[in-house]
Structure formats: C-alpha cells, structure tokens
Amino acid sequence: MAKENSAKGQRLTLTYVKNTAEEVNSVTAANKTKLADKVAAVGFYVVVPDFLYGDPYVPENAEKPMPVWIKSHGADKSVEDAKSVLAALNNKGINAVGAAGFCWGAKVVIHLAKSDYLKAAVLLHPSLVTVDDIKDLMNDYWAYELEVKAHLAILGAEIDKSSPPALLKQFEEVLSTKPEVDGYVKIFPGVVHGWTVRYNVEDEAAVKPANEAHENMIDWFTKYVK
C-alpha cells in the first residue's frame, strides 16, 4: 500500500502487520489499509509486505497451534526478506526508512533496528520480543561504538498477555541505559492486544486510542525519518 509521487529521495515507512484470522472478516485488513494511507498522507512512501506468505496464524486451526505454526514463520527469514525489499527500495533512491512492527512483526523490526537500514522503529503491541532483544540492540550500539541507527518507540496495551505492562516496563528500563538512543515506552490504559488495527470503526471508545497510537507512530517517523 503506497502513495507515491516520486520515490527519489522520499522517506519510507515499512510496516509489518501480523495477519491473523481477523483478516478473513476484513475488519483488520480494512483498518490496516486505512493506517497505511494515513501514514502516506503525511508524505511517506509506505510498503506493507506480507512475510507470512498467505499463511496467517489461525487460532481455530487445531492442526497448526502456535508452537507448530511458528516453526515455519520465524523472524530470521522475514528479516532477510525485508533486507531484500529495503535494498531494492534503496536502489530507487529511498534512503531514510522507518519501520513499524505490529504483534509478530515487532520481532522482525527489532532485528532490523540493528542494521544500517532504519532511522526509526516503532513496536506496537509486540509479540515474541524479549528483554534480551532490547538489550542486544543497546549492547550492539555500545560494544561496537556504532552510530545509533534506529530510535525506538514501543506502544503497548494494558491488557496483553504477549507483552504485559511488567515486561514493557523492563523494556523501558533497558532503553534508559543508553541515553544516546532516543526511545520511550507508552502503555495505553484499558486496551487489549491488537487495539491499533483490530477495532470497530463505529466504536468511538475503540477508535480514540487506536488513532492516538497511529499519531504517536507518525510523529516518531516524522521526527527521525528525514
């Protein structure tokens, strides 16, 4: 999903969204499209790749529970695929990139944040991201005296088994150890995992926190993806 005038010199936001069973009923898909268009509307070239290759996790599928599904959907392969996409875009003249990872996609983005590709990263209701992932990112900057590549914002839900507030607070503590890396953690009260893309557009109480997170993400990209 992209709105492009000329790719040359444009800013890019690369967004990874975990496609789940909700995509089947088109609610999440429609919200995801609106979000991509919202980001594009402020001047970004937006790419939303499907690194699940049409095989989303479906909780109702008893033959492929999460421990089985994840074996064929590891982040390592998606990171390499993403690097290929980013290299192709770089060849088009896009040289400033921000990436947002939703749920499963956050794991991909946190690994990409160690590369030369990203200027900014946003993790929204992340899944599978660990404290060690955040520590590794910070330690790489320090141990190898690397220039800070990607400043990191983490937007989490108050009600989320994948990344509960206690874990998000640990992320925040690690981020604070490296002041040269601009980063923050924000916990949205009263919302559940997936609130940024899985919401009823007619439910004002659900739309408001989703829009707030969208604006936080866009502000972060606007600040660092130049």
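Residues numbered from 1 in each chain as written. Predicted model: local features only at pLDDT ≥ 70, side-chain atom pairs only at ≥ 80, totals over all residues. Heavy atoms only, no water.

Re unusual backbone geometry
Phi angles above zero are rare outside glycine, and His125 is one such case at about 35 degrees. Along the polypeptide, His125 turns up in the loop between strand S4 (118–124) and helix H5 (131–143). Judged by its relative accessible area of 2%, His125 is buried. Positioned with a positive phi, Leu128 is a non-glycine residue whose angle comes to about 70 degrees. (Helix = DSSP H or I, 4+ residues; strand = E, 2+ residues; numbered from the N terminus. Buried < 20%, exposed > 50% of the residue type's maximum accessible area, 1.4 Å probe, protein only.)

Some thoughts on the confidence of the model for the protein chain
Averaged over all residues, the pLDDT of the protein chain equals 82, while 84% of them reach at least 70. Contacts from residues 1–10, a stretch scored under 50 in pLDDT, to residues over four places away or in other chains number 28 contacts. (pLDDT = per-residue confidence, 0-100. Contact = heavy atoms within 4.5 Å.)

Considering the packing of aromatic side chains
How two aromatic rings sit relative to each other is set out by the distance from centre to centre and by the angle between their planes. One pass over the structure, following the stated rule, counts 4 aromatic pairs. Seen from their ring centres, Phe188 and Trp195 are 4.9 Å apart, and the 45 degrees between their planes marks the pair as tilted. Look at Phe188 and you get buried, because its relative accessible area is 2%. Where Trp220 meets Tyr224, the ring centres are 5.1 Å apart and the plane angle is 65 degrees; that geometry is what we call edge-to-face. Of this pair, Trp220 and Tyr224 are both found in helix H7 (residues 204–224), 4 residues apart, which corresponds to roughly one turn of the helix. Feature note: the residues Tyr184, Trp220 and Tyr224 constitute an aromatic cluster, connected by ring pairs. (Phe/Tyr/Trp six-rings, centres within 6.5 Å; stacked < 30°, edge-to-face > 60°.)

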